[in-house]
Amino acid sequence: MAFKSQDDAKAYWKENVSLMIKLLVVWFAVSFGCGILLVDVLNTIQLGGYKLGFWFAQQGSIYTFVVLIFVYTKKMAALDRKYGVDEE
Amino acid sequence: MELQTLTYIGVGLTFALYIGIAIWARAGSTKEFYVAGGGIHPIANGMATAADWMSAASFISMAGLIAFMGYGGSVFLMGWTGGFVVLAMLLAPYLRKYGKFTVPEFIGDRFYSRTARIVAVVCLIICSVTYVIGQMKGIGVAFSRFLEVSYDVGLLIGMCIVFFYAVLGGMKGITYTQIAQYCVLILAYTIPAVFISLNLTGNPFPQLGLGSTLAGSEVYLLDRLDQVVTELGFMEYTTSVRLSTVNMFAYTLSLMIGTAGLPHVIIRFFTVPSVKDARSSAGWALVFISILYTTAPAVAGMARLNLINTIEPTQGENLVYDERPQWFKNWEKTGLLKFEDKNGDGKIQYTASKDTNEMVKVDRDIMVLANPEIAQLPNWVIALIAAGGLAAALSTAAGLLLAIASSISHDLLKGVFMPHITEKQELRASRIAMAGAIGVAGYLGFNPPDFAAGTVALAFGLAASSIFPALMMGIFSKRINKEGAIAGMIAGITITLLYVFQHKGVMFVADTSFLGDMTPNWFLGIEPNAFGAVGALVNFTVAFFVSRVTQAPPQEIQDLVEHIRVPCGVESAQDH
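Calculation rules
- Residues numbered from 1 in each chain as written.
- Chains lettered and ligands numbered in written order.
- Predicted model: local features only at pLDDT ≥ 70, side-chain atom pairs only at ≥ 80, totals over all residues.
- Contact = placed C-beta atoms within 7 Å.
- Helix = DSSP H or I, 4+ residues; strand = E, 2+ residues; numbered from the N terminus.
- Nonpolar A, V, L, I, M, F, W, Y, C, P; charged D, E, K, R; others polar.
- Axes fitted to C-alpha atoms, helices over the stretch in contact; angles between N-to-C directions.
- Core = buried A, V, L, I, M, F, W, Y, C linked by C-beta atoms within 7 Å.
- Buried ≥ 20, exposed ≤ 12 C-beta atoms within 10 Å, placed from the backbone.
- Parallel < 35°, antiparallel > 145°, perpendicular 65-115°, else oblique.
- Left-handed = near helix turned anticlockwise from the far one by under 90°.

What follows deals with the interface of chain A and chain B. Chain A puts 37 residues into the contact, and the matching count from chain B is 42 residues. Within the residue set of the side of chain A that touches chain B, elements represented by two or more residues are α1 (6–37), β2 (50–51) and α3 (52–82) of chain A. By residue number, the principal contributor to the side of chain A that touches chain B is α3(A), which donates 16 residues. Looking at the side of chain A that touches chain B residue by residue, the class counts come to 24 nonpolar, nine polar and four charged.

Structure below.
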């Protein structure tokens, strides 16, 4: 392992997990939250011809998922560099 | 040109293209043939993963189901895309770091147990066979329509073609072929959607068209759709919940974590060059998948509207049965569309009421293929969708069959029961396994448990309840030991299987439920297709408690977990 110390290894994993949890909160919010649990409330708002809750369930959540993975990829690459554990 | 001829040309040309690319790429190296190119760019790998992933369920079946479920169909859209987020963050980079070829291998090593490996193999085989039944349904529908035969004959012909396609085999592993398949598939899906969106709303982007006003009026398409379906007595399109909120929640969750537990998707992340690429490959795969998944709801809504407008062009003026369009007659031949003149007026009534509805059978799986015909698009567009649908169904079915065959011959026979088997015998065993799997899946495909996408959803539920929890705990917990993992997998898949078999029949054979029909007693109102989420919960819980009361994993396993959590020092999958 290329970590300088055991503390570094712990800190890296902790930051990784905390980033993951933050992004999974968004993942949950747009799909299970806006798309299912809060759909009736959001449906009172119109987005063009779409009811907003319906839009989240059939369009919005999917766009957000794509963004989430790329944010994750980018942030993890930065984290790898910070701790000197990237592959290059 | 005649539609039938155009279809043959379309299907023939695209298959010639795949085989051509396969031969061209094969000349490169044999190693590349097996590991799908270790040096492939993440964008290319993402495209190939997307082609692998999108099967008859996504292409042929899903939009048709959404067309009739409305908002409730969103479970497929969110479930099958949201799963990639889970995959990218929780599994893909770590499994890549570990660098073995198959999921049972990882489970066997991480839980230092041959039993764990065997349990994983059995779970995978159960999921994959169920998955193939769904593909068979899609293949049967596609072949019956384009050869103008009944569904059963179409399915038989399809089974033979799948067998040869899968035995030719290796072509599946070549990334460039899959990229070509993706291109055909996505064009075949989006071009008709663009045409239909233009026709109805004047907007060329189906994603925006669905939210636009109808061409030449001030009425929003979705408002109009809500209005016409409620007039016929159906639930409002944009708000019709699938059974209950709890059920939709469980259904979506089951599909999401099932996505992250299915072997044929995970396997692609074993073969990218680095951990970084494993992360971004998942992102690119989702980009390419999203193109289809954001188009599908538009296809669904517009198909429903067009279908109703065809049958009832103006309110109260129903289509005369003798003047029905050609597509109607063609689908009647397959037995998947049936009309019964209940009131004897010679006209077609389509309503929500069982007593007056004369469209007695509209198989959901015909909608996507029939859609361009219903919208009266040119013949070449209809031929194109045929080629795309067959590509999607055949490639995924063949890939899954290869996975089943290799788990039986490689993981079970060579890995466990007959270690001294020769390579030739291993190959023969895998051919027999493949033929057996096609036979079983095909036989069950004559009376599938659900529409194609629904059947595939069952497979995802089984993967969600067995494989996903074991993989996730294997990475994120050092404390979960072999006893916990094995007990968890067995508990999860058993409870899910029992629930599914009780409601859908043992091995999906109707009327074999062991406790009689229990519909009113569904657990929390959760349908069998969505039960994987509950199974996964059981798996996690059992694994946790069993691990607590048994011995912690040995030190070298805890070191292994530390090792896979860090990207640097990746071993190449090619070394194995």
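Don't stop here, the text continues.
Residues and elements named next belong to chain B. Packing of helix α4 (residues 56–69) against helix α19 (residues 452–476) leaves a shortest axis separation of 7 Å and a crossing angle of 115°. Residue-level inspection shows A56, A57, I60, S61, M62 and L65 of α4 in contact with α19, the latter providing A452, A453 and V456. Taken together, the residues that form the contact of α4 with α19 break down as eight nonpolar, one polar and no charged.

Another aspect to go through is the environment of V287(B). Residue placement: V287(B) occurs in helix α14 (residues 275–311). Taking the C-alpha atoms as reference, V287(B) lies 26 Å from Y98(B); in sequence the two are 189 residues apart.

For the rest of this paragraph, the subject is the nonpolar core. In this structure, A120(B), L185(B) and L401(B) are the most contacted members of the largest nonpolar core, which totals 206 residues. Look past the residues within four positions of A120(B) in its chain and what remains in contact with it is V103(B), P104(B), I107(B), I467(B), A470(B) and M489(B).

This part covers unusual backbone geometry. All names here are of chain B. Even without being glycine, Y112 reaches a positive phi, approximately 35°. Structurally, Y112 can be placed in the loop between α6 (103–110) and α7 (114–146). Under the C-beta neighbour-count criterion, Y112 is labelled partly exposed, with 15 such atoms within 10 Å. Positive phi, close to 50°, is recorded for E148, a residue that is not glycine.

Residue and element names in this part refer to chain B. On the secondary structure map, L384 appears in helix α17 (residues 379–417). Note on L384: 24 C-beta atoms within 10 Å, which makes it buried. Linking L384 and A188, residues 196 residues apart in sequence, is a C-alpha distance of 5.3 Å. Discounting chain neighbours no more than four positions away, the residues touching L384 are G10, L187, A188 and I191.

Turning next to the environment of T7(B). Residues and elements named next belong to chain B. Tracing the sequence through the fold places T7 in helix α1 (residues 3–26). Note on T7: 22 C-beta atoms within 10 Å, which makes it buried. With 372 residues separating them along the chain, T7 and N379 place their C-alpha atoms 8.6 Å apart. Residues in contact with T7, not counting those within four places in the same chain, are F146, A383 and A386.

With that settled, consider the packing of α14(B) against helix α16 (residues 367–374) of chain B. All names here are of chain B. Running from N to C, α14 and α16 cross one another at 55°; their axes reach a closest spacing of 10 Å. In this view, α14 runs oblique relative to α16, as classed from their interaxial angle. Handedness of the crossing formed by α14 with α16: left-handed. Seen from α14, the contacting residues are V299, A303, N306, L307 and T310; seen from α16, they are M367, V368, N371 and I374. Per-class residue counts for the contact of α14 with α16 are six nonpolar, three polar and no charged.

Bear in mind that shape data such as this cannot, by itself, settle questions of function.
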